Every structure is written in structure tokens, then in C-alpha cells.
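Coordinate inspection notes
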Amino acid sequence: MTGFVSNSIVEQIRSTSDIVEVIEEHVPLKKSGKNFVGLCPFHSEKTPSFSVSSEKQIYHCFGCGEGGNVFSFLMKFSNVSFPEAVTKIGKRYGITVPTEVHGSRGKSLYSSQADKKEKYFSVNRLAAQYFHQNLFKGCGKPAQDYLHKRNISSDSVKKFQVGYSSKSWDFLLTHFRKKNVAFKDLEKIGLVISKGSGTGYYDRFRDRIIFPIIGLDSKIRGFGGRDISHNEKTPKYINSPESVIYNKSEILFGFNIAKESIRKKGFVVIVEGYFDLISLYQHGFENVLATCGTALTTRHAGLIKRYTNNVVLLFDSDEAGYKAAARGFEILLEYGLNVKAVDLPKNMDPDTFINRFGLAQLSEKIDKSELFIEYLANKIVGKVDLNSLEEKLRGLSTIIPYLAKIKNSIELSEYIRKISELFQVSQQSLQDQVKKKLETKKTTIDSNVEVKTKKKVSDWSERNLVRLTILHPENIEKVKRKIDSDHFSDGILKEAIEFIFDMNIPTEELSPQKIVELIPIEEVRKNITELLMETIEFDNPDKVLEDCIQSILKKAKQKDVENLIKQRIEAVNSKKVVEFQKLDKDLKDLQGV
């Protein structure tokens, strides 16, 4: 979208939408006091530090510092422009968003960002076409042979747009040079790498089978490459680096193809590799997604939850596969998803299993898959000596943190019964340990948010003045008459108050979330959302505001006094009598002597 949205429509959607409702579609939230908390979708964490205020219609993460309102959340989460975010939220609330097309006299920041992304998507599309065509040329014969050896059909090659990058160091560079595409743009989306000398570029993908990584919107975000050079020093798989259009924490391979099948069948199978997914797809499993070397993230979990609540993990049977499944389960469980796991035979991966044993046997395995806690418990029991108290306790200590994450009390009770039997301990003792873990977890969450909210130690009067000015915009003119931004000692708060003073918007049209949305400097915006999310209430806000004004003025006066004393001493040392007398008079006037 390259248009812009009228202010009246933005205002209508801002006042109609509820940030909690919008965010809850992507992030599970729990009520905590006046606010809602959950795991931050913008960084990896185990303890919730992401807080959303229904009252102020803003969010802030006390872990990574991200903050904003409903529009900025969707822009960040879905990697879309401002007009796209407004349109999506408007659609959710039944508000049609007409857009006006820009003329030739300049475009907004949002539209220029959208145009840049579209340019990169276009380059990736051209690259994918070239890789795919190259697979069927003479140089692609080794890649064709390898795909045949892996039982990948020609239909699958077309369906997944599989391609091949030649051994040449400038195979792709040469192609795009003819199309007049800037090499800098190729570098920004990871297709080429800058030489160490800084005097040129070379192809990132060389002698590799190429898999385009496609988003839910069917746009090519990046590429994965499987090496076929047989060079032991070369990584077997590489992916595009993260860019403005590719974030590995929010992309799962095959989602664009599998989404409708996932919704229809009511569950999703998650595998690790490109070949795992394509092999399953060829045999009739269309509701499959692949992580492709990336650990499951909260963003992945949020995307999956849009289509189903039921997940089957089908990972390699080795130790790495088991650990990846355990990490994935933890993330998925936090999102309230029902997770099962398939236990494949030793030294097997999904691709090998289905090609050796066929559809029927894998279907049976999936149908009989265990709930993940049972899968985990059986794996651990098989490794410990239950006659050894030390080993038994070590095994249970691995399982208890997962039990403590289960929110359904009936489900938890059943797990405790089964696991206590497996480990030959009483249900009560296991239940007590889970309860203790839950209490520890709650204390950690509360203290974690509390510590993070207290990390700022800037002047209380400056902090509260900015807070009260944003929460009560009718005070802006009053504060502006009495305070100058130069009176502030905190640089971020100074920039914030300068912005507030310079806003040419009637105070009755202002709200905390609108002010947050309009702050142009990201660092300032993040600090302000943190400030506003602090749980501080005042019995008499007007009196507190006046106290803040007087405190800031007093400190500003004290600073002026100190400066004059310093200048007066310098005048004495320099024997500047006239200057000293003037400074001395100014000092006495300031002190009221």
C-alpha cells in the first residue's frame, strides 16, 4: 500500500479499537492488577515482561524496551507499514479505510518504507525465478540428481519453487547487473556479500539447492540453501540473513501452502527440515510446517494459534531433535497450545521414515502420538535408574518446570498421576513440588517486572511532570507557561517535553496513546511508554503537578546559582573587576539578597 490514511479515519480507529483485544490475537495475556502481562513477542524470554494497559491503550516491554500503541504494535509484529496496520485494525472493527494516493510531490515515511520493501520482494522474486530456471540447465544436473536421490518429484520442485545456484562466485551478480539492480540492494536482503576489501561483492549461495522462504502473504522473504559440493568445510545449510523483509522468528517454511490444510484438519505437524516437509507433502501430509534450523519462537506460536490449537512435533530421533522438541514445547505451551510428540525409531528423521515405511505407518505414528509431557517423561525414565534417589530427583527436576506451565488443573492432575506412577513417587509429593515451583515462578514474575520498572532513576519531579502532562493533556499550556525545556536535566525527558510543547493539536483531541503514536524518536517513545506503564497513582494530581513544577524550578535556580558562583570565581582569578561586580549583583538578585 503506498497511499496515506486521513487523520479522521485514524482517529476513529484509534478510539474504537482495544489494544488488549488486538494484541491478544497474537500474544496470550494474563490480567495482572490494572494491566495485562505476557511473554514479549519481540525478544526471547521465559519470564513475562510485556505489559499492556487497557486504560492507556499502550504497551511496553520492560525486557527489551519496545513500546507504543495499537498501530505501532501491529507494524512491528506483522512487519507492515502504518497505512497497512490502520487498514487491518479498521477491518477488524468494521471500519472501511479509504486511502489517498500520493502525487509526485513526495511521499510519507511510511509509504517510502513500503515501496522499499516491495522493491526487495520484487528482487527476491526475480532471484527465485532465476534459481529455478538454472536447476534445469546443464550446470544444474548434479542438483537434479541429488533431488532424484532424495525422492523429490518434479511436481514438488515446481510447487516449492526449488532452484539451484551455480558454483560461480558471480552467478547472481551477473544476472542482476544485466537488470540494472543495485548491488547494495542485493546485499541488504542477503543475496550477495560485500568483499572484505570493500571493493566488490560475491554471491552468498553457491553450488546449493535453493528453497525460497515464503511468508503467509505469498511474498518471498529469503532463501535457504543446501550444499551439494561435498566439501566438509562448507556448512550443509545456510539461510538468508535477517533483513527488513525477513525475520526468521516469524517465518515457518511452507506456511503459505499449508495454512488452509491446517485449519481444515485441525492440527499441524512441525518438522525440522526442508526435505522433511516436502517428503511428507508428497505423501499426502499437507498440514506440515518446518523450522529449518531456527528454534520455535513466540512469534511462531502466535502465528500457529491463528490456525489451530493442536500441534504435533515430528523431530529427528537424536538428542538434538529431542532437545529442540523440548524447547519448542515450552514456547507452544505458554501460548495455550496442545502439544504432542512422535517418537521415531533410533537414527531416523521424518524424511527417511516416510520414504522407507510409507504413509500408513507414519499416519499411525502421528495418530498414536503422546502428549508431550508423557513423551518427555518416558524419555527421561528410560535414562535414569529409579532405584537411585539422586537420579530419580534429577529426572523429576527436568519435568516439574513443564508441569508448572500447565494451566488446566484437570489436565495437570492427570499428568501428575501418570508421572508419579512412572517415577514411583506419591502423587501428593509431586503435587507439592509443582506447587512450590508455581509459587517461585509467581514471585519471580512479580519481582522481575518490579525491578525492571524501577531501573530508571531520573529526577522524580521531571518524570512525574511528563507523566501527568501526557495523562492530563489539559495541563500542557499551564506547564508550558511555567517551565522551559532547558530546566530539564534528563535528556530523554527534555526531548519528550519539547515535543509535547511543540504539538499544534487541541488538547481535547489528545490522549496518551495518540501522544505516544506521534512521538517521532523511537528511543523517546520507548522511554515514555515505560514511564506511563509504571503503576503510580496520585490522590491529588493537580497538587503533585504543582509540586513537580516548583521542584524543577528550584533545581534550575540552584543550577544557575552554581554557574554564577563558578563564573564569579573565574572573574576573580582573571582579575576582571567589572565582570566580577556584574556577576556578584546577578547572584544576589537570583538569591534574593
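Residues numbered from 1 in each chain as written. Predicted model: local features only at pLDDT ≥ 70, side-chain atom pairs only at ≥ 80, totals over all residues. Heavy atoms only, no water.

As for the packing of aromatic side chains
Here is the rule: Note on aromatic contacts: the rings of Phe and Tyr and the six-membered ring of Trp form a pair at centre separations within 6.5 Å, being stacked when their planes are under 30 degrees apart, edge-to-face when over 60 apart, and tilted otherwise. For helices the rule is a DSSP run of H or I covering at least 4 residues; for strands it is a run of E covering at least 2, with both sets numbered from the N terminus onward. Burial classes: relative accessible area under 20% of the type maximum marks a residue as buried, over 50% as exposed, and values in between as partly exposed (1.4 Å probe, protein chains only). Note on geometry: a ring has a charge over it if NZ (lysine) or CZ (arginine) is within 6 Å of the ring centre and within 35 degrees of the ring normal.
Following the criterion strictly, the structure yields 27 aromatic pairs and no others. Taking 5.6 Å as the distance between ring centres and 45° as the angle between the ring planes, the aromatic pair formed by Phe329 and Tyr402 counts as tilted. You can see Phe329 sitting in helix α13 (residues 319-334) and its partner Tyr402 sitting in helix α16 (residues 389-403), a full 73 residues away along the chain. Look at Phe329 and you get buried, because its relative accessible area is 3%. It is Arg150 that lies over the ring of Phe275; its NZ or CZ is 4.1 Å from the centre.

Focus: the sheet that holds strand β4 (residues 50-53)
Stated formally: Here a strand pair is declared whenever DSSP counts at least two bridges between the two strands. Residues are treated as being in contact if the distance between any of their heavy atoms lies within 4.5 Å. Only the stretch in contact is used when a helix axis is fitted, and all axes are lines through C-alpha atoms; the angle between N-to-C directions ranges over 0 to 180 degrees.
A sheet is described by the order of its strands in space; here 5 strands give the open sequence β2-β3-β4-β5-β6, paired in antiparallel fashion. In this open sheet, the two strands that pair with only one neighbour each are β2 (30-32) and β6 (67-68). Here β2 pairs with strand β3 (residues 35-38) via 3 bridges, running antiparallel. Note on β3: the bridge partner recorded for Ser32 is Asn35. Sitting on the sheet, helix α23 (residues 522-533) is in contact with β3, β4, β5 (58-61) and β6, with an inclination near 100° to β5.

A short note on the pattern of salt bridges
The condition is simple: For salt bridges, the criterion is a side-chain nitrogen of Lys or Arg within 4 Å of an Asp or Glu carboxyl oxygen.
Summed over the entire model, instances satisfying the criterion amount to 30 salt bridges. Here Arg221 ties to Asp217 by a salt bridge, and the two come within 2.5 Å at their closest N and O atoms. We note a salt bridge from Arg417 to Glu414, for which the minimum N-O separation is 2.6 Å. Here Glu414 and Arg417 lie together in helix α17 (residues 409-423), a separation of 3 residues that amounts to about one turn. Note on Glu414: relative accessible area 35%, which makes it partly exposed. Bridged by salt links that share partners, the residues Glu11, Arg14, Lys514 and Glu517 form one connected network.

Some details on the side chain of Ser166
Among the secondary structure elements, Ser166 is positioned in the loop between β8 (163-165) and α8 (171-178). Those residues within four positions of Ser166 in sequence are excluded, and the remaining contacts are Asn134, Cys139, Phe171, Phe205, Arg206 and Asp207.

Considerations on the nonpolar core
Applied cut-off: By nonpolar core we mean a set of buried residues, namely Ala, Val, Leu, Ile, Met, Phe, Trp, Tyr and Cys, connected to one another through side-chain atoms within 4.5 Å.
Judged by nonpolar contacts, the single largest core of 79 residues is most densely connected at Phe50, Ile304, Leu313, Phe372, Leu403 and Phe423. Apart from the residues within four sequence positions on either side, Phe372 is in contact with Leu313, Ala325, Ala326, Phe329, Val339, Lys340 and Ala341. In terms of nonpolar packing, the next biggest core, distinct from the first, is built from 37 residues, Leu135, Tyr164, Val271 and Val288 among them.

Observations concerning the sheet that holds strand β18 (residues 370-371)
Sheet architecture is open: 5 strands sit in the order β15-β14-β16-β17-β18, paired in mixed fashion. Edge positions in the sheet fall to β15 (288-290) and β18, since each has one partner strand and no second.

Things to note about the packing of helix α19 (residues 460-471) against helix α21 (residues 491-502)
For any two helices packed against each other, one specifies the inter-axial angle together with the distance between the axes. We apply this condition: Angles are sorted into four bins: roughly parallel if under 35 degrees, roughly antiparallel if over 145, roughly perpendicular if 65 to 115, and oblique for all others. If you view the pair so one helix is near and one far, a crossing is left-handed when the near helix is turned anticlockwise from the far one by less than a right angle, and right-handed when it is turned clockwise. Side-chain classes follow a simple rule in which Ala, Val, Leu, Ile, Met, Phe, Trp, Tyr, Cys and Pro form the nonpolar group, Asp, Glu, Lys and Arg form the charged group, and the remainder, Gly included, forms the polar group.
It is at 10 Å that the axes of α19 and α21 come closest, and there the two elements cross at 30°. One element, α19, and the other, α21, form an angle in the roughly parallel class. Our pair here, α19 against α21, has a crossing hand that is left-handed. Where α19 approaches α21, its residues Glu462, Arg463, Leu465, Val466, Thr469 and Ile470 are matched on the opposing element by Leu493, Ala496, Ile497 and Ile500. A class-by-class count of the residues in the contact of α19 with α21 yields 7 nonpolar, 1 polar and 2 charged.

Some thoughts on the environment of Glu242
Spelled out, the test is: Throughout this description, a polar contact denotes any pair of N or O atoms lying within 3.5 Å of each other; where both atoms belong to protein, one of them has to be capable of donating a hydrogen while the other can accept it, and for residues adjacent in sequence the pair is counted only when both atoms sit in side chains.
Here Glu242 is to be found in the loop between β13 (237-239) and α10 (255-265). Residues Glu242 and Leu173, spaced 69 residues apart in sequence, show a C-alpha to C-alpha distance of 20 Å. Within the structure, the side chain of Glu242 is placed 3.1 Å from the backbone nitrogen of Lys248, a separation counted as a polar contact.

A look at the confidence of the model for the protein chain
What counts, and what does not: For every residue, the predictor assigns a confidence score, pLDDT, that lies between 0 and 100.
On average, the protein chain scores 86 in pLDDT, and the residues at 70 or more come to 91%. In this model residues 101-111 is a low-confidence stretch, pLDDT under 50, and it forms 13 contacts with partners more than four residues away in sequence or in other chains. Low pLDDT, under 50, characterises residues 447-457; the predicted model gives this stretch 18 contacts beyond four residues in sequence or across chains.

Focus: the side chain of Ser17
Residue position: Ser17 is located in the loop between α1 (7-16) and α2 (19-24). Residue classification places Ser17 among the buried residues on the basis of a relative accessible area of 6%. Here Ile13 takes part through its backbone oxygen, which lies 2.9 Å from a polar atom of the side chain of Ser17. Those residues in contact with Ser17 that lie beyond four places of it in its chain are Gln57, Val70, Ile89 and Tyr93.

Points about the pairing of strand β12 (residues 220-227)
With respect to burial, β12 is a largely interior element, 8 of its 8 residues being buried. For strand β11 (residues 208-214) and β12, the ladder comprises 7 bridges, and the chain directions are antiparallel. Along β12, the bridge assignment pairs Ile214 with Ile220. Count of turn residues in the β11/β12 antiparallel hairpin: 5 residues, of which Ser218 carries a positive phi of about 70°. In the sheet, β12 pairs with β13 via 3 bridges, with the strands oriented antiparallel. Pairing of Gly224 across the sheet is with Asn239, part of β13.

Description of the environment of Leu135
Mapping Leu135 onto the fold places it in helix α5 (residues 109-135). Counting along the chain gives 203 residues from Leu135 to Asn338, while the straight-line C-alpha distance between them is 40 Å.

Observations concerning the environment of Phe82
One can find Phe82 in helix α4 (residues 82-92). Sequence spacing of Phe82 and Ser72 is 10 residues, and the spatial spacing of their C-alpha atoms is 7.6 Å.

Brief notes about α23
Formally: Take the number of residues in a helix, subtract one, and multiply by 1.5 Å to get its expected span.
Helix length check: α23, at 12 residues, gives a terminal C-alpha distance of 17 Å against a target of 16 Å (1.5 Å per residue), a fit within 8%. Burial analysis of α23 places 9 of its 12 residues in the buried class, which makes it a mostly covered element. Looking only at α23, the buried set comprises Val524, Arg525, Asn527, Ile528, Thr529, Glu530, Leu531, Leu532 and Met533.

Some details on the pairing of β4
Of the two faces of β4, the one carrying Phe50 and Val52 and the one carrying Ser51 and Ser53 are both buried. Where β3 lies against β4, 3 bridges are found, and the strand directions are antiparallel. Paired with Phe36 across the bridge in β4 is Val52. The loop that links β4 with its antiparallel partner β5 comprises 4 residues; one of these, Gln57, has a positive phi angle of about 60°.

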